[in-house]
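What the coordinates show
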Amino acid sequence: MLMKKLFILVAATVLLAACEKDDSAVAERFWSDTEMSTGADSYGAKITKLYSVVMRRELPFPFKAYVMELNGQRYFYMMRSRFNADLHVGDYISFQTFSFCPSEISAINGYDLGDGTNAVHNDETSAGNYLVASNPIEATVKNMFAMKIRYTIAFWPIDTWFIETTAGNLIYIKKSKLNIDLKPGDGIVYNVYTLFPNEVLALKKL
């Protein structure tokens, strides 16, 4: 009988300690231990890297976006036109993704981000005559990762390389346009449209 009571006491102590963990730790463990799915399911995660970029959903209109690494594991991106709060490294978020584009966040912290049509209508910047290629930009590769992203509303996601430079910039280019092997430490030269400073038009290795 004494052993049985001791077992119950130990089990109750373990259960109480588990319940006292903060929500952010539980959210991080849940997301890490669960196979990521898309659509209606929602997950919690910690932002471990964060980049502010300009992307396009329909030419020639740009929109602000976040690219983020969550829990040090996977990368996602989200448009910001319907999300008026700033995010920071270390923040915990709850999020959903599109079933047809699992790298794009469709809702975050209870805010529905829409399908991107509002990015065209709400953005105050019009391309006009500003679709001008930049001068060549030299940089050094620090990190690379891949995602599927949407360049237009109507079309399916396209395989895309994201390249972080040692200067802290994040640029991206369609995999079909990058026919060279790159690795951290490589020197590159590239150009972009001045209106879309993160999307690479052409890139070569130095």
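This structure is a prediction, so every number in the text was calculated from the model and none was measured.

1. Description of the overall build of the protein chain
Helix and strand content of the protein chain: three helices and 11 strands. Starting at the N terminus and walking to the C terminus, you meet the elements of the protein chain as α-α-β-β-β-β-β-β-α-β-β-β-β-β. For the protein chain, the residues scored as buried account for 39% of the 206 residues in total. Residue pairs in contact within the protein chain that sit at least 24 positions apart in sequence constitute 55% of those at least 6 positions apart. When the accessible surface of the protein chain is totalled, it reaches about 11,600 Å², and 55% of it is carbon and sulfur.

2. Re the packing of aromatic side chains
Within this structure, the stated rule accounts for nine aromatic pairs. In this arrangement the basic side chain of Arg150 is found over the ring face of Phe98, its NZ or CZ atom lying 5.2 Å from the centre.

3. Description of the pattern of salt bridges
Applying the stated criterion across every chain, the model contains eight salt bridges. Glu104 is the salt-bridge partner of Arg57, the closest N and O atoms lying 3.3 Å from each other. Taken together, the residues Arg57 in strand 1 (residues 43–58) and Glu104 in strand 5 (residues 101–108) connect sequence positions 47 residues apart. For Arg57, a relative accessible area of 1% puts it in the buried group. Glu104 is the salt-bridge partner of Arg150, the closest N and O atoms lying 2.9 Å from each other. With Arg150 in the loop between strand 7 (137–149) and strand 8 (158–165) and Glu104 in strand 5, the pair connects residues that are 46 residues apart, well separated along the chain. With relative accessibility at 1%, the residue Arg150 sits in the buried group.

4. Here's the deal with the environment of Leu178
As for its position among the elements, Leu178 is in the loop between strand 9 (170–174) and strand 10 (187–193). Remark: the alpha-carbon pair of Leu178 and Trp161, spanning 17 residues in sequence, is separated by 8.3 Å. Ignoring anything within four residues of it in the chain, the contact list for Leu178 reads Met144, Trp161, Ile173 and Leu203.

5. A short note on the nonpolar core
Membership of the largest hydrophobic core comes to 18 residues, with the highest contact counts inside it found for Met55, Val67, Met147, Ile149 and Phe162. Elements represented by at least two residues in this core include exactly strand 1, strand 2 (61–70), strand 3 (74–79), strand 7 and strand 9. In terms of nonpolar packing, the next biggest core, distinct from the first, is built from 14 residues, Phe83, Phe95, Ile105 and Leu113 among them.

6. Digging into the side chain of Thr160
By secondary structure assignment, the location of Thr160 is in strand 8. A polar atom in the side chain of Thr160 sits 3.0 Å from the side chain of Tyr151. Of note is the side chain of Thr160, whose polar atom sits 2.9 Å from the backbone oxygen of Ile158. For Thr160, the contacting residues outside a window of four places in its chain are Phe145, Ala146, Met147, Ile149, Tyr151, Tyr172, Ile173, Lys174 and Lys175.

7. A short note on the confidence of the model for the protein chain
Model confidence for the protein chain is summarised by a mean pLDDT of 79, while 70% of its residues fall at 70 or above. Counting interchain partners and residues more than four positions distant, the pLDDT-below-50 stretch residues 2–40 has 37 contacts. Low confidence marks residues 120–125, where pLDDT is under 50. Its contacts with residues over four positions away, or in another chain, come to eight contacts.

8. Here we look at the pairing of strand 7
Sheet topology note: the strand 7/strand 10 ladder contains four bridges and is antiparallel. Across the sheet, the residue bridging to Glu138 is Val189, located in strand 10. Here eight bridges tie strand 7 to strand 8, and the two strands are oriented antiparallel to one another. When the bridges of strand 8 are listed, Lys148 appears paired with Asp159.

9. Thoughts on the environment of Asn71
One can find Asn71 in the loop between strand 2 and strand 3. For the pair Asn71 and Ile47, spaced 24 residues apart in the sequence, the C-alpha separation amounts to 6.3 Å.

Analysis parameters
Residues numbered from 1 in each chain as written. Predicted model: local features only at pLDDT ≥ 70, side-chain atom pairs only at ≥ 80, totals over all residues. Heavy atoms only, no water. Helix = DSSP H or I, 4+ residues; strand = E, 2+ residues; numbered from the N terminus. Buried < 20%, exposed > 50% of the residue type's maximum accessible area, 1.4 Å probe, protein only. Contact = heavy atoms within 4.5 Å. Areas by Shrake-Rupley, 256 points an atom, 1.4 Å probe, with all protein chains shown as cover. Phe/Tyr/Trp six-rings, centres within 6.5 Å; stacked < 30°, edge-to-face > 60°. Lys NZ or Arg CZ within 6 Å of the ring centre and 35° of its normal. Salt bridge = Lys/Arg side-chain N within 4 Å of Asp/Glu carboxyl O. Core = buried A, V, L, I, M, F, W, Y, C linked by side-chain atoms within 4.5 Å. Polar contact = N/O pair within 3.5 Å; in protein donor to acceptor, adjacent residues only side chain to side chain. pLDDT = per-residue confidence, 0-100. Pairing = 2+ DSSP bridges.

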